[in-house]
Structure formats: C-alpha cells, structure tokens
Amino acid sequence: MTKDNSPHPGTDCEARLRALLGVAAQQLARIEEIASGLDALIDQDAPETLLAALDDRQAIINDLLAQAPALEEAIDAWKAQPHPRDAMLDDQLRSLARAFEAVASSDAPALRRCEVARDAALSELTGLARAVVATKAYGAEPPQGPRFQDMEG
C-alpha cells in the first residue's frame, strides 16, 4: 500500500475538478460571446459569416459534451472525499450549472431568428430558381433543326 503524502486528502481530485471547471467556464464564455453576435450577423445578411460562427459554436458545444463525463466523474470523486467541502468550489459548481441553463435559455430566440432567416433565404432561392426555369421555358429560342417545306401546295 502506498501512503498518501498529500497535505489534504482529496487535493488531487479538487485540483482536477477546478481545472475542468475552468475549461468549462471558458468554453461557456466563448459560446455566450458567439451568441451575442448572432443577431448582428443575421441582420447583416452575411450567411457565410453566420454559418462560420454557428460552426464554431457547435464545435465548442461538442467539446463540452465530450468533457461532460470527465467533469461528472470529477464532481463525484470530489463529493466522495471525507474532507470538509470548499464553499468556493460549491459556488463554482452552482455558477456553472446556472451558466449552462442561461446558455440553453438564451439560445432559443437566436435560433428562432436563424430559422426565420434560413426560411427567407430558402424562399428567395426557390423564387430565383423558378424565375430561371420560367425564363428558359418562355424566353428561349426554339431549337434549330431541319426545316421541311411543302412544295406542292
């Protein structure tokens, strides 16, 4: 058996939890930053920039989802420690949970605006496609082919 030489039992799991919380907080801040700019991107009618921002946001969300099991494991390990719990760390956990809820609730209006913008762009593209088809159907010259004349008539 190895003896734990750490000054305080649970210091390692606490340090790991603090590190994971720090990363999650940075990622949430980045998501909020992107979300705050979505309205402006929608109003600018810049679909490429909007899609790039949404791709960045989704990549961060995917990272958060990938880290969720490790964070949950670290929280469970920290809570299982017999040492007195750090009130500051408890506050950080509650703050992180509130931040997740805030991001989830603030996304709804922005997503709805994105859907409206998408539908408007789709409608415009459909109209353009129909106009091109109509122009070709009514405005194109008939194909040039052999002509036959009735010489007996």
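No experiment lies behind these values; they were computed from the predicted model shown.

## Quick look at the overall build of the protein chain
Helices and strands together make up the secondary structure of the protein chain, namely three helices and zero strands. Counted from the first residue to the last, the protein chain has its helices and strands arranged as α-α-α. Out of the 153 residues in the protein chain, the part that is buried amounts to 23%. Summarising the internal contacts of the protein chain: among those between residues at least 6 apart in sequence, 80% fall at separations of at least 24. When the accessible surface of the protein chain is totalled, it reaches about 11,300 Å², and 58% of it is carbon and sulfur.

## Focus: helix H2 (residues 47-80)
If you check H2, its first and last C-alpha atoms are 49 Å apart, about what 34 residues at 1.5 Å a residue would give, namely 50 Å. Of all the bends found along H2, the most pronounced is centred on alanine 68 and spans about 40 degrees, while proline 69, a proline, follows it within four residues. Looking only at H2, the buried set comprises Leu50, Ala53, Arg57, Ile60, Leu64, Leu71, Ala74, Ile75 and Trp78.

## What about the pattern of salt bridges?
Two side chains of opposite charge can pair, provided their charged atoms sit close to one another. Per the stated rule, a full pass over the model turns up four salt bridges. The salt bridge involving glutamate 14 is made with arginine 18; its shortest N-O contact spans 3.1 Å. Taken together, the residues glutamate 14 and arginine 18, both in helix H1 (residues 11-44) and four residues apart, mark about one turn of the helix. The class of arginine 18 is partly exposed, set by a relative accessible area of 29%. Taking the shortest distance from any N to any O, the salt bridge between glutamate 33 and arginine 30 comes out at 2.9 Å. In this pair, glutamate 33 and arginine 30 are both assigned in helix H1, three residues apart and thus about one turn of the helix distant.

## What to know about the nonpolar core
Counting 25 residues, the largest nonpolar core has Leu17, Leu21 and Leu71 as the members making the most contacts within it. Secondary structure elements with two or more residues in this core: H1, H2 and helix H3 (87-139). If you tally residues by element for this core, the top one is H1, at 11 residues. Discounting residues that sit within four places of it in the chain, leucine 17 has contacts with Leu71, Ala74, Ile75, Trp78, Leu89 and Leu93.

## Concerning the confidence of the model for the protein chain
Mean pLDDT for the protein chain: 76, with 80% of residues reaching 70 or above. Mean pLDDT values over the elements of the protein chain span from 75, in H3, up to 85, in H2. Confidence over residues 1-7 falls short of pLDDT 50; this stretch has one contact with residues more than four positions distant or in other chains.

## Quick notes on the side chain of glutamine 27
If you trace the backbone, glutamine 27 turns up in helix H1. Discounting residues that sit within four places of it in the chain, glutamine 27 has contacts with Ile60, Asp63, Leu64 and Gln67.

## Some details on the environment of aspartate 39
If you trace the backbone, aspartate 39 turns up in helix H1. A sequence separation of 72 residues divides aspartate 39 from leucine 111, and the C-alpha atoms of the two residues are 9.7 Å apart.

## Topic: the environment of glutamate 73
Among the secondary structure elements, glutamate 73 is positioned in helix H2. Overall, glutamate 73 belongs to the exposed group, its relative accessible area being 52%. Remark: the alpha-carbon pair of glutamate 73 and cysteine 13, spanning 60 residues in sequence, is separated by 9.7 Å.

Cut-offs applied
Residues numbered from 1 in each chain as written. Predicted model: local features only at pLDDT ≥ 70, side-chain atom pairs only at ≥ 80, totals over all residues. Heavy atoms only, no water. Helix = DSSP H or I, 4+ residues; strand = E, 2+ residues; numbered from the N terminus. Buried < 20%, exposed > 50% of the residue type's maximum accessible area, 1.4 Å probe, protein only. Contact = heavy atoms within 4.5 Å. Areas by Shrake-Rupley, 256 points an atom, 1.4 Å probe, with all protein chains shown as cover. Expected span 1.5 Å × (residues − 1). Bend = angle between axes of the 7 residues up to and from the residue. Salt bridge = Lys/Arg side-chain N within 4 Å of Asp/Glu carboxyl O. Core = buried A, V, L, I, M, F, W, Y, C linked by side-chain atoms within 4.5 Å. pLDDT = per-residue confidence, 0-100.

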